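For reference, the chains in residue letters:
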Amino acid sequence: MFNTALVTGGNGNLGRLVAQNLEAMGTRVVSFDLPGSEGPHCDPRHAIVLGDMRDQSLLEDTLATHKPDVVIHLASMLSGSSEANPELAWDVNASSSIRLMRHCLDRNIGPFFFASTAATYGPDLASPVALNTPQWPENIYGATKVAVERMGVYLKLKQGFDFRCLRFPMVLSPSAPAGAMTAYPSHAIAAAARGDTFVMPVAPDTGMSTLYLNDVTRSIVEICSAKRATLTQHAYNLHSYMFTAQDLVEAIQSRFPGFSCSFTPGSPTDDLIRRWPDVFDDSAARADWGWAPHYDFDATIEALVQFANAQR
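Values in this document were obtained by computation on a predicted structure and should not be read as measured data.

## A word on the side chain of Asp 282
Turning to its location among the elements, Asp 282 is positioned in the loop between helix H9 (268-274) and helix H10 (283-289). A residue is classified by how much of its surface remains accessible, and Asp 282, at 8% relative accessible area, is buried. Once residues within four sequence positions are removed from consideration, Asp 282 is found in contact with Asn 237, Leu 238, His 239 and Trp 291.

## Concerning helix H5 (residues 140-159)
For H5, built from 20 residues, the straight-helix expectation of 28 Å at 1.5 Å per residue is met to within 8% by its first-to-last C-alpha distance of 28 Å. Within H5, burial applies to Ile 140, Tyr 141, Gly 142, Thr 144, Lys 145, Val 146, Val 148, Glu 149, Gly 152, Val 153, Leu 155 and Lys 156. Among the structural elements, helix H3 (79-84), helix H4 (86-106), strand E5 (112-117), strand E6 (163-168) and strand E10 (235-237) are those in contact with the buried residues of H5. Residue Gly 160 follows H5 closely and has a positive phi angle near 75°.

## What about the environment of Leu 34?
Relative to the helices and strands, Leu 34 resides in the loop between strand E2 (28-33) and strand E3 (47-50). Taking the relative accessible area as the measure of exposure, Leu 34 reaches 46% and is therefore partly exposed. It is 9.2 Å that separates the C-alpha atoms of Leu 34 and Ala 75, two residues lying 41 residues apart in sequence. Not counting the four nearest positions on each side in its chain, Leu 34 is found in contact with Leu 50, Gly 51 and Asp 52.

## Digging into the sheet that holds strand E11 (residues 241-244)
Read across the sheet, three strands follow the order E7-E9-E11 without closing on themselves; strand pairing throughout is mixed. Across the chains shown, the open sheet's two edge strands, defined by having one partner strand only, are strand E7 (170-172) and E11. Taking the axes of each pair of neighbouring strands and ignoring which way they run, one obtains an average angle of 50° across the sheet. Sheet topology places E7 next to strand E9 (residues 207-212); three bridges connect them, and they run parallel. In the sheet register, Leu 172 faces E9, and the bridge partner there is Tyr 212.

## Quick notes on helix H2 (residues 56-66)
For H2, the full list of buried residues reads Gln 56, Leu 59, Thr 62, Leu 63 and His 66. Down the axis, H2 shows its buried residues gathered within 120° of arc, on one side only. Along its buried surface, H2 packs onto strand E1 (4-8), E2, E3, strand E4 (70-73) and H4.

## Digging into a negative patch on the surface
Side chains of Asp 55, Glu 60, Asp 61 and Asp 106 sit close together on the surface and give a patch of like negative charge. Residue placement: Asp 61 occurs in helix H2. Asp 61 gets classed as partly exposed once you look at its relative accessible area, which sits at 48%.

## Details of the packing of helix H1 (residues 15-24) against helix H7 (residues 213-225)
The interhelical angle for the contact between H1 and H7, taken along N-to-C directions, is 50°, at an axis separation of 9 Å. Here H7 runs oblique to H1, going by the angle between their axes. As for how H1 packs across H7, the hand of that crossing is right-handed. Residues Leu 17, Val 18, Asn 21 and Leu 22 of H1 touch H7, and the partners they reach there are Leu 213, Thr 217, Arg 218, Ile 220 and Val 221. Per-class residue counts for the contact of H1 with H7 are six nonpolar, two polar and one charged.

## Topic: the pattern of salt bridges
Taken as a whole and judged by the stated rule, the model has 15 salt bridges. The partner of Asp 52 in a salt bridge is Arg 54, and the shortest N-O contact between them spans 2.9 Å. Overall, the relative accessible area of 39% leaves Arg 54 in the partly exposed class. Between Asp 162 and Arg 164 there is a salt bridge; the shortest N-O distance is 3.0 Å. Summarising the burial analysis for this pair, Asp 162 and Arg 164 share the class buried.

Definitions and limits used
Residues numbered from 1 in each chain as written. Predicted model: local features only at pLDDT ≥ 70, side-chain atom pairs only at ≥ 80, totals over all residues. Heavy atoms only, no water. Helix = DSSP H or I, 4+ residues; strand = E, 2+ residues; numbered from the N terminus. Buried < 20%, exposed > 50% of the residue type's maximum accessible area, 1.4 Å probe, protein only. Contact = heavy atoms within 4.5 Å. Expected span 1.5 Å × (residues − 1). Pairing = 2+ DSSP bridges. Axes fitted to C-alpha atoms, helices over the stretch in contact; angles between N-to-C directions. Arc of directions from axis to C-beta. Patch = residues over 30% accessible without salt bridge, like charges linked within 9 Å, V, L, I, M, F, W, Y side chains within 5 Å. Areas by Shrake-Rupley, 256 points an atom, 1.4 Å probe, with all protein chains shown as cover. Salt bridge = Lys/Arg side-chain N within 4 Å of Asp/Glu carboxyl O. Lys, Arg positive; Asp, Glu negative; His and termini not counted. Charge placed at Lys NZ, Arg CZ, Asp CG, Glu CD. Parallel < 35°, antiparallel > 145°, perpendicular 65-115°, else oblique. Left-handed = near helix turned anticlockwise from the far one by under 90°. Nonpolar A, V, L, I, M, F, W, Y, C, P; charged D, E, K, R; others polar.

In structure tokens:
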């Protein structure tokens, strides 16, 4: 296993769980995240560096001081905030990520893991989406992710950089960030637990390929731990299940019979999600490093409900 890992975005919803998983395996974790991101959820066992991804001197100092042997790069503006400020999104998500990769290459640090997205493929594709499907995203979030993928593969092919990448579909999380357009399932369950009504930002039949957060964190650790020679692809798709907003409502009402909601057909979120595929072909991940999801739709809903009940 690794001696030291640098996790960018390490105080976030995903990063802190990755950090905890690594530390449970004996890896010392250094989390790099924005000032103000630290809080009671931060594990006191690992070091925290507070700063902006655009602060290249701080990133270089962090690499020099802590000497990680793996970098897990999760820091990123989310889809909604990226659309609100495309120029900043390009600087944070693309340019800063590429500079970080070059710093790691200069210091012979690897593996370097990059969290990408199924949004890199663009909309209106037939399911299942093959791994080699051309990537033509129509939002800035997807465009920044494609740019980093391309540079990572370039550095891998030309200079031997140990670049590893996963493309995640919609991710369901108990602590869903407000800036994510796909966070409505978690917010709906939280509203049901409080006894509140909820406005679904999609139509009843809208849905797409999905993963639960715990499967995401596990997949990151697994691909970073895999032997390099077993990885035949530069990037991998992941998939667990597909569900619609109506499926979600029925699952919630089976646990909270008084829950009521309305739908918003034709909203920007509805347009985004309904144009994404229901299934992404993850056969390469299953074959190369044994990927398999542990959470189906029912297990995910149960986990989200338990979390929501605990917060009341």
